[in-house]
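Structure assessment
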Amino acid sequence: MATPYPGGVSILDRLRPPSATRLAVRVTPDALRHIRAGHPWVYESSITSITEGGHPGDLAVIFGEDRQFVAIGLYDPSSPIRLKILHAGRPRQIDRAFWLDRLTVALHARDELRRGGRTTGFRWVHGENDALPGLVVDVYERTAVVKLYSTAWVAHLAEVVPAMVEAGRVDDVVLRLSRAVQGAGAGPLHEGDALHGEVPSGPVLFTEHGLAFEADVVHGQKTGHFLDQRENRQQVRALASGARVLDVFAATGGFSVYAAAGGATHVTSLDISAPTLAVAERNMAHNDGIPAVRACVHETLQQDAFQALRDLAAARRRFDLVVIDPPSFAQRQSNVDKALRAYRQLTEAGLAVLADGGRLVQASCSSRVRPDELVAAMTRGAQLAGWELNIRERTGHPADHPIGFPEGEYLKAVFAAPRRLPRHARP
């Protein structure tokens, strides 16, 4: 059950239910075309009329020409994305059966990933891309973490959470709130509340491809772990045998652990955050039953990544495999040019510490940076460093982070086998 208030009242019981009255909405012809094509967002500027007095989470029915039903969505008055589409086409009741159906479909889409039990940490609901806009659910063993990116979800949790427990058979459901939701207010809900079961007393242990990790589901970044890089980490594992590896922006050591498990002789985890590096060390320790991990020398380096790369190059440190997985550099469209310069600089700096014949893996999680823009920035950075990039593979989203609409694509990674150019060919 959810965490009780004094008197035994559940948190979920204290939530204001959505109004039984549906808001009537008219939108521009262009917005109608996008909705009918499957786009999940309606901006405030696209609304031509709406019933007055709506509250966050109220259901809004969008009507087209001749008042025919077009779609139904969640009303979010605190966001420029005023409506988040739940269903389009024929009219449908939005109730617990609806939520159960959506959650079950999303879970079945992850069946192959979950099969065999070697991966027990995965994204169950990827927001708009699973037709539940503004809602993210990550699972670590039998603990589900619900992260809200819209206040519109608060009113529906009393139905969504029981449906989640029924569909996923999870023991505990923990709430996380985005900064936007925290700023707008979530009623009686707070970051880290237990919506079902209990708040774990410590990190939750789970596995990825048979490797053990911990997730701080209450205080950790995102929901406790960066699940989206799982398959790229597995590829790094396959490249790491006998290698000296540098993991830049290592955070909690995902790439570092995979590299060690793949037979790396030495792994350096570089990050500016001491607490996340401490988690990286514990994650390495969680896997010391694996001979390759036990044999690997693990070094942590707490420093700004850009400065650390310069210092490592000056010290003539060289690595056979350099992994660069920075945070998002482009939160707004106006940041894109600056982000591309940063990616170019990281490529140039990463190649300055790469041994001849080594491999470079570089990623971007900035949705506003297109894949070709990342490649162009990396190519230019390689040229400035006197290398040819020599791309071997470009990857995108894993299966549990599907792309359901253009803005839903954010993750891209480049696997390269750079070649040092002869002096006469360098810029």
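Rules of the game
- Residues numbered from 1 in each chain as written.
- Predicted model: local features only at pLDDT ≥ 70, side-chain atom pairs only at ≥ 80, totals over all residues.
- Heavy atoms only, no water.
- Buried < 20%, exposed > 50% of the residue type's maximum accessible area, 1.4 Å probe, protein only.
- Helix = DSSP H or I, 4+ residues; strand = E, 2+ residues; numbered from the N terminus.
- Pairing = 2+ DSSP bridges.
- Salt bridge = Lys/Arg side-chain N within 4 Å of Asp/Glu carboxyl O.
- Contact = heavy atoms within 4.5 Å.
- Phe/Tyr/Trp six-rings, centres within 6.5 Å; stacked < 30°, edge-to-face > 60°.
- Axes fitted to C-alpha atoms, helices over the stretch in contact; angles between N-to-C directions.

Observations regarding the pairing of strand β12 (residues 204-208)
Burial analysis of β12 places 4 of its 5 residues in the buried class, the great majority of the element. Where β12 lies against strand β13 (residues 211-215), 5 bridges are found, and the strand directions are antiparallel. Counterpart to Phe206 in the pairing with β13 is Phe213. Connecting β12 to the next strand, β13, in antiparallel fashion are 2 residues, including His209 with a positive phi near 45°.

Thoughts on the pattern of salt bridges
Per the stated rule, a full pass over the model turns up 22 salt bridges. Measuring nitrogen to oxygen at the nearest pair gives 2.9 Å for the salt bridge that ties Arg420 to Asp356. Pair noted here: Arg420 is in strand β22 (residues 419-420) and Asp356 is in strand β18 (residues 354-364), with a separation of 64 residues, a long-range link. Given the relative accessible area of 35%, Arg420 is considered partly exposed. Judged by its relative accessible area of 57%, Asp356 is exposed.

Here we look at the environment of Pro398
If you trace the backbone, Pro398 turns up in the loop between β20 (391-395) and β21 (412-416). In sequence terms Pro398 and Thr104 are 294 residues apart; their C-alpha atoms lie 19 Å from each other. Every residue in contact with Pro398, bar those within four places of it in the chain, is listed here: Asp228, Arg230, Glu231 and Leu411.

Details of the packing of aromatic side chains
Taken as a whole and assessed by the stated rule, the structure comprises 8 aromatic pairs. Ring centres of Trp41 and Phe405 lie 5.0 Å apart, and the angle between their planes is 80°; on these two criteria the pair is classed as edge-to-face. In this pair, Trp41 sits in strand β2 (residues 41-43) while Phe405 sits in the loop between β20 and β21, placing the two residues 364 residues apart along the sequence. No difference in accessibility class separates Trp41 from Phe405, as the two residues are buried.

Thoughts on the sheet that holds strand β15 (residues 266-271)
An order of β16-β15-β14-β17-β18-β21-β20 is seen for the 7 strands of this open sheet, with the pairing classed as mixed. Edge positions in the sheet fall to β16 (297-302) and β20, since each has one partner strand and no second. Between one strand axis and the next, the sheet turns through 15° on average, direction left out of account. By the bridge criterion, 4 bridges tie strand β14 (residues 244-248) to strand β17 (residues 319-324) in an arrangement that is parallel.

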